[in-house]
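Each chain, letter by letter, is given below.
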Amino acid sequence: MFEVETQIESTNAISPLVPAIEFRDVELAFDDRVILDKISFTIRRGETKIVLGGSGSGKSTIIKLVLGLLRPDAGTILVDGEDITQCDEQELTEIRKKIGMVFQEGALFDSLSVYDNVAYRLAEEGIDEDEIEHEVVRMLRFVDLEDAIDKMPIELSGGMRRRVGIARALVGSPPIVLFDEPTAGLDPPTARTICELAIKLRDLEGVSSIFVTHEMNNLKYLSSEYAIVDSEGRVHFEEEGDKLCLINTKVMMIKQGAIIFDGTDEELQLTGDPYIHRFIKGR
Amino acid sequence: MNPFSRFLVELQDITLLFWRMLRGLRKQPRYFDEMIRQMDSIGVGSLAIVSLTGFFTGCVLILQAYPTLEYYGAQSSAGQSVAITLIRELGPVLCALMVAGRVGSAISAELGSMVVSQQIDAMRALGTSPARKLVTPRVVALVVTLPLLTVAADIFGLIGGGIIARYLYALDANSYITSLRTGITIQDILGGIVKPIVFGFIIGLISCHKGLTTQGGTVGVGRSTTDAVVLSSITVIIADFFLSKVLQGFFSSTLF
């Protein structure tokens with residue numbers, strides 16, 4: 001369990017009616033290989049979309065498109081109601097300030113310490129050093145890694161690198177966070193910790209997110225548990241039961257660049273599609 | 001894609017990178033600290049190998065040239081022959097080739113590793129232009145330090161030539177120095193400084209481009225590193241020919 005001592009304030013207020021992310025008939029191909037084939041979906045404010053799919057199905061490509069790291073061949077991508085497919089690099093930089101990105105292996109800058117990695121975005125913006133230090137400590141406390149502040153990335157374990165990556169992504173309190181297979185290759189308890197951080201962001205901070213994964217444990221945690229804060233400020237994770245059903249988490253499955261499922265986890269379990277059945281059962 | 005189309009695409013990418021690099025110089029932040037760090041790494045770090053290269057090149061030049069000069073009774077021109085060859089051609093080219101091998105490979109490997117470990121994507125996601133943050137400081141550092149390294153290589157080459165002339169061929173030191181001073185013209189010196197500035201651009205842009213376009217994991221890093229060194233070296237040698245021609249025409253028509 002983590003102790004939340006501070007509240008992340010969203011500096012980039014989005015109208016609650018405007019979807020955080022919207023894809024409309026997005027197409028992408030590299031040479032003759034189709035990566036995404038007329039993908040359309042919406043992520044509402046405060047919603048988490050778990051994107052499932054096998055390797056090479058186009059899951060991570062969706063995240064790169066949201067960030068503007070790739071441009072679609074056709075279709076429209078709206079982030080906070082703004083069409084990013086028409087934006088130049090300068091405008092994309094402004095949009096990226098609303099988005100935090102957690103990379104698969106953390107993607108920490110090897111030459112910078114944990115402090116400098118987490119402080120990177122603020123340092124680039126020329127923020128006052130005292131303010132940066134305060135924010136970095138706050139974020140490292142959020143991911144329970146305050147003690148690692150002076151370490152270099154090479155000294156960290158895989159799980160710690162991911163958590164530093166999460167802290168770095170959360171600096172500046174972005175209202176949208178993208179997770180690109182953040183638990184891949186981690187032991188189950190560490191993977192669970194990463195999922196808990198995502199749940200905390202969703203339930204306590206109202207962050208909209210895309211959580212790309214192919215691990216069913218992640219789906220189970222994110223779609224069936226929620227975070228609450230007790231009177232002493234401690235965070236607890238509880239499972240949804242008969243009385244409560246989480247509506248802020250949806251599941252989408254991609255196969256060969258096309259969406260083959262978009263709905264709740266309960267609907268996913270009931271689907272008759274043999275590929276989905278094999279994917280979630282593992283046989 | 002056929003080789004010609006691939007060449008055009010590469011040329012286009014390098015030109016775009018050059019343009020972004022120039023824009024990086026104009027806009028804030030300018031990363032002066034990073035430029036100084038790169039100058040230290042590239043300039044100071046390469047001084048030893050460049051000096052050694054220059055010294056022994058000067059030695060071998062006099063070793064090869066002196067018997068011929070002696071045959072024609074022109075021993076007193078020994079200093080001039082070393083100076084002109086070194087300052088006009090061998091100094092800038094050999095220095096550029098050494099730096100391409102040492103620094104070009106390092107730049108390409110570093111940026112390539114950053115690509116495969118998604119650090120470049122992370123940088124863009126955090127709102128920083130990799131061209132401005134990584135390419136501009138490295139190219140500027142190369143453009144500033146390569147002429148200085150070339151001057152160092154030239155000086156060590158002339159000293160090396162002098163030592164061999166004095167102790168192996170018993171040429172009078174004053175005769176060597178006088179020959180040097182009368183043999184070198186301002187065109188030679190200017191040409192010897194203009195060339196490494198262009199070579200610095202070439203090595204920096206090609207190495208950064210190869211690093212940033214790395215594909216295929218760690219194998220790709222090795223491939224782009226090799227490509228960076230090979231392409232930089234070949235381009236330097238080709239550019240040297242055209243630069244020599246242009247400088248020849250420029251100096252003969254304008255300055256003197």
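Residues numbered from 1 in each chain as written. Chains lettered and ligands numbered in written order. Predicted model: local features only at pLDDT ≥ 70, side-chain atom pairs only at ≥ 80, totals over all residues.

Asks: Give me the lowdown on the interface of chain B and chain A, citing residues and values where you can.
Replies: The interface is formed by eleven residues belonging to chain B together with 14 residues belonging to chain A. Residues belonging to the side of chain B that touches chain A are distributed by class as follows: four nonpolar, five polar and two charged. (Contact = placed C-beta atoms within 7 Å. Nonpolar A, V, L, I, M, F, W, Y, C, P; charged D, E, K, R; others polar.)

Asks: With reference to specific residues and values, describe the sheet that holds strand E7 (residues 176–180) of chain A.
Replies: Residues and elements named next belong to chain A. Read from one edge of the open sheet, six strands run E6-E7-E8-E3-E11-E12, paired in mixed fashion. Of all the strands in the sheet, the pair left with one neighbour each is strand E6 (99–102) and strand E12 (258–263). Averaged over all pairs of adjacent strands, the angle between their axes in this sheet comes to 15°, without regard to strand direction. The pairing of E6 with E7 spans four bridges and is classified as parallel. Along E7, the bridge assignment pairs Gly100 with Val177. (Pairing = 2+ DSSP bridges. Helix = DSSP H or I, 4+ residues; strand = E, 2+ residues; numbered from the N terminus. Axes fitted to C-alpha atoms, helices over the stretch in contact; angles between N-to-C directions.)

Asks: Any details on the pairing of strand E10 (residues 235–239) of chain A? Residues and values, ideally.
Replies: Burial runs low along E10 of chain A: only zero of the five residues are buried. Counted between consecutive antiparallel strands, the loop separating strand E9 (residues 225–229) of chain A from E10 of chain A contains five residues, among which Gly233 of chain A sits at a positive phi close to 85°. (Buried ≥ 20, exposed ≤ 12 C-beta atoms within 10 Å, placed from the backbone.)

Asks: Quick rundown of the domain arrangement of chain A? Include the residues and the values.
Replies: All names here are of chain A. When the domains of chain A are assigned, the result is domain 1 (48–71 + 88–98 + 178–281) and domain 2 (108–173). Placing a centre on the C-alpha atoms of domain 1 and another on those of domain 2 gives a separation of 23 Å. On the side of domain 2, six residues touch domain 1, which itself brings eight residues to the contact. (Domains from an automatic or database assignment.)

Asks: So what's going on with the nonpolar core? Residues and values would help.
Replies: Judged by nonpolar contacts, the single largest core of 72 residues is most densely connected at Val66, Ala167, Leu178 and Ile210 of chain A. The element best represented in this core is helix H6 (residues 188–205) of chain A, accounting for seven residues. If you count residues domain by domain, this core takes at least three from each of domain 1 (48–71 + 88–98 + 178–281) and domain 2 (108–173) of chain A. For Ile210 of chain A, the residues in contact, after removing those within four places along its chain, are Ile43, Lys49, Val51, Ile62, Ile63, Val66, Leu178 and Phe179 of chain A. Counting residues in each nonpolar core, the second largest holds 56 residues, with Leu111, Met114, Leu146 and Val236 of chain B among its members. (Core = buried A, V, L, I, M, F, W, Y, C linked by C-beta atoms within 7 Å.)

Asks: Provide a residue-level description of H6 of chain A, including the pertinent values.
Replies: If you check H6 of chain A, its first and last C-alpha atoms are 25 Å apart, about what 18 residues at 1.5 Å a residue would give, namely 26 Å. Buried within H6 of chain A are the following residues: Ala191, Ile194, Cys195, Leu197, Ala198, Ile199, Lys200, Leu201, Arg202 and Asp203 of chain A. (Expected span 1.5 Å × (residues − 1).)

Asks: Mind laying out the sheet that holds strand E4 (residues 74–79) of chain A, listing which residues take part and the relevant values?
Replies: All names here are of chain A. The four strands lie next to each other as E2-E1-E4-E5, forming an open sheet whose pairing is antiparallel. The sheet terminates laterally at strand E2 (33–43) and strand E5 (82–83), the two strands that pair on one side only. Pairing between strand E1 (residues 21–30) and E4: five bridges, direction antiparallel. Among the inter-strand pairings, Glu27 is bridged to a residue of E4, identified as Ala74.

Asks: Any details on the confidence of the model for chain A? Residues and values, ideally.
Replies: Overall, the predicted model of chain A reaches an average pLDDT of 85, with 93% of residues at or above 70. Long-range and interchain partners of residues 1–12 of chain A, a stretch whose pLDDT sits below 50, account for 23 contacts in this model, where long-range means more than four residues apart. (pLDDT = per-residue confidence, 0-100.)

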